[in-house]
Amino acid sequence: QVQLVESGGGLVQAGGSLRLSCVASGRTASSTTMGWFRQAPGKEREFVAAMSGGSTYYGDAVKGRFTISRDNAKNTVYLQMNSLKSEDTAVYYCKSGFGSARSFPKLDFRSWGQGTQVTVSS
């Protein structure tokens, strides 16, 4: 089983940037597909980004502004968020799985951790 710990959230002004980190421990492998979801108050959980090998896939709302990357030596996946908007305010969750980055949003994740809060002030 893989344990994931997210960090890096905070309060930022619109137009600013933040970088989220997710450290994985346990049964991890460089072939594991990693990704991010987010959930804003009163809204459904939304796919943000995923990475499998060298392939990446992004949700439409963040395409061109967010970048997912990973450091396999550190078992860490990052989410660089630029040009932040108030609608990016949400709790961000890191998840691990298998398969392609494009199929990651369709995986059935049974449990969710605490995530990390991102608040963008306008």
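To be clear, the structure that these remarks concern was listed above.
Fair warning: this is a prediction, and the values are worked out from it, not measured in the lab. Position numbers for residues start from 1 in each chain and track the written sequence from start to end. In keeping with the predicted nature of the model, local features appear solely for residues at pLDDT of at least 70, side-chain atom pairs appear and are counted solely at 80 or more, and the whole-chain, interface and lining totals rest on all residues. Hydrogens and water molecules were not included; the side-chain quantities draw on all heavy atoms of the structure.

### Digging into the pattern of salt bridges
Now for step 1: Whenever Lys or Arg places a side-chain nitrogen within 4 Å of a carboxyl oxygen from Asp or Glu, that contact is recorded as a salt bridge. A complete count under the given rule lists five salt bridges for this structure.
Now for step 2: Of the charged contacts in the structure, one is a salt bridge between Arg-38 and Asp-88, with a shortest N-O distance of 2.8 Å. With Arg-38 in strand β4 (residues 33-39) and Asp-88 in the loop between β8 (76-81) and β9 (90-97), the pair connects residues that are 50 residues apart, well separated along the chain.
Now for step 3: When its relative accessible area of 5% is taken as the criterion, Arg-38 is described as buried.
Now for step 4: Only protein chains enter the area calculation, which uses a 1.4 Å probe; residues under 20% of their type maximum are buried, those over 50% are exposed, and those in between are partly exposed. Under the relative-accessibility criterion, Asp-88 is labelled buried at 0%.
Now for step 5: The shortest N-O distance in the salt bridge between Asp-108 and Arg-110 comes to 2.6 Å. As far as the burial class goes, Asp-108 and Arg-110 line up, both exposed.
Now for step 6: Among the charged side chains, a salt-bridge network with shared partners connects Arg-38, Glu-46, Arg-65 and Asp-88. Only runs of H or I of at least four residues qualify as helices and only runs of E of at least two qualify as strands under DSSP, and these elements are numbered from the N terminus.

### Side note on the sheet that holds strand β1 (residues 2-7)
Now for step 1: Within the open sheet, the four strands sit side by side as β1-β3-β8-β7. Their pairing is antiparallel. Looking at strand neighbours, the two that pair on one side only are β1 and β7 (66-71), the edges of this open sheet. Across this sheet, the average inter-strand angle for adjacent strands is 20°, counted without regard to direction.
Now for step 2: For two strands to pair, DSSP has to find at least two bridges joining them. Where strand β3 (residues 18-26) lies against β8, six bridges are found, and the strand directions are antiparallel. In the strand pairing of β8, Arg-19 is matched with Gln-80. Between N-to-C directions, angles span 0 to 180 degrees; the directions come from axes that are lines fitted to C-alpha atoms, helices contributing only their stretch in contact.

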